[in-house]
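Next come the chains, spelled out residue by residue.
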Amino acid sequence: AVDKMLTENAQELVDSRTVLLKNQDTRYRLCQMLAKHTERWTWIVVREKAIYHSLNQFKADVSGMLRGEGWVIAENLND
């Protein structure tokens, strides 16, 4: 009975180690895949934050339209 329990316990330890190693390998490969896209995602976030910052400078009209003020160089006014 004790030998059977030791054998079962040893097998459970082997199974648990196999699962842990597989999970570790999966996490490592996932991190490698994600690392390839980090720079691109960073630029997307920076761009979106800049857009939202600009939009937050606009004023909402009564009609629900956004109104913004800006400037244009006089030489480029007709372009």
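Parameters at a glance
- Residues numbered from 1 in each chain as written.
- Predicted model: local features only at pLDDT ≥ 70, side-chain atom pairs only at ≥ 80, totals over all residues.
- Heavy atoms only, no water.
- Helix = DSSP H or I, 4+ residues; strand = E, 2+ residues; numbered from the N terminus.
- Rg over C-alpha atoms; globule rule 2.2 N^0.38 Å.
- Buried < 20%, exposed > 50% of the residue type's maximum accessible area, 1.4 Å probe, protein only.
- Areas by Shrake-Rupley, 256 points an atom, 1.4 Å probe, with all protein chains shown as cover.
- Salt bridge = Lys/Arg side-chain N within 4 Å of Asp/Glu carboxyl O.
- Patch = residues over 30% accessible without salt bridge, like charges linked within 9 Å, V, L, I, M, F, W, Y side chains within 5 Å.

A.B. asks: Even after reading the chapter, I still don't get the overall build of the chain, so can you show me in this structure?
C.D. replies: Per the secondary structure count, the chain includes 2 helices and 2 strands. Order of helices (α) and strands (β) in the chain, N terminus to C terminus: α-α-β-β. Relative to its length of 79 residues, the chain is extended, with a C-alpha radius of gyration of 30 Å against a globular reference of 12 Å. Overall size of the chain, expressed as C-alpha extent along the three principal axes, is 95 × 30 × 15 Å. The buried share among the 79 residues of the chain stands at 0%. Within the structure as shown, the chain displays about 8100 Å² of accessible surface, and the carbon and sulfur contribution to it stands at 60%.

A.B. asks: I tried to follow the pattern of salt bridges on my own but got confused; where do I start?
C.D. replies: Once their charged atoms are close, side chains differing in charge can pair, the charge on each being opposite to the other. Summed over the entire model, instances satisfying the criterion amount to 3 salt bridges. Asp25 is paired through a salt bridge with Arg29; the nearest N and O atoms lie 3.1 Å apart. Of this pair, Asp25 and Arg29 both sit in helix α1 (residues 2-35), separated by 4 residues, roughly a single helical turn. Residue Asp25 is classed as partly exposed on the basis of its relative accessible area, which comes to 38%.

A.B. asks: Which parts of the structure should I look at to understand a nonpolar patch on the surface?
C.D. replies: Together, Ile51, Tyr52, Leu55, Phe58 and Leu66 give the surface a local cluster of nonpolar side chains, amounting to about 500 Å² of exposed area. It is helix α2 (residues 38-56) that contributes the most residues to the nonpolar patch, 3 residues altogether. Structurally, Leu66 is set in strand β2 (residues 66-67).

A.B. asks: Honestly, the environment of Val19 in this entry has me stumped. Any pointers?
C.D. replies: Of note, Val19 is situated in helix α1. The class of Val19 is partly exposed, set by a relative accessible area of 47%. Spatially, the C-alpha atoms of Val19 and Leu66 are 55 Å apart, while their sequence positions differ by 47 residues.

A.B. asks: Explanation requested: the environment of Gln24 in the structure shown.
C.D. replies: The topology assignment puts Gln24 in helix α1. Separated by 23 residues in the primary sequence, Gln24 and Ala1 have C-alpha atoms spaced 34 Å apart.

Shape is all these values report; function is a separate question.
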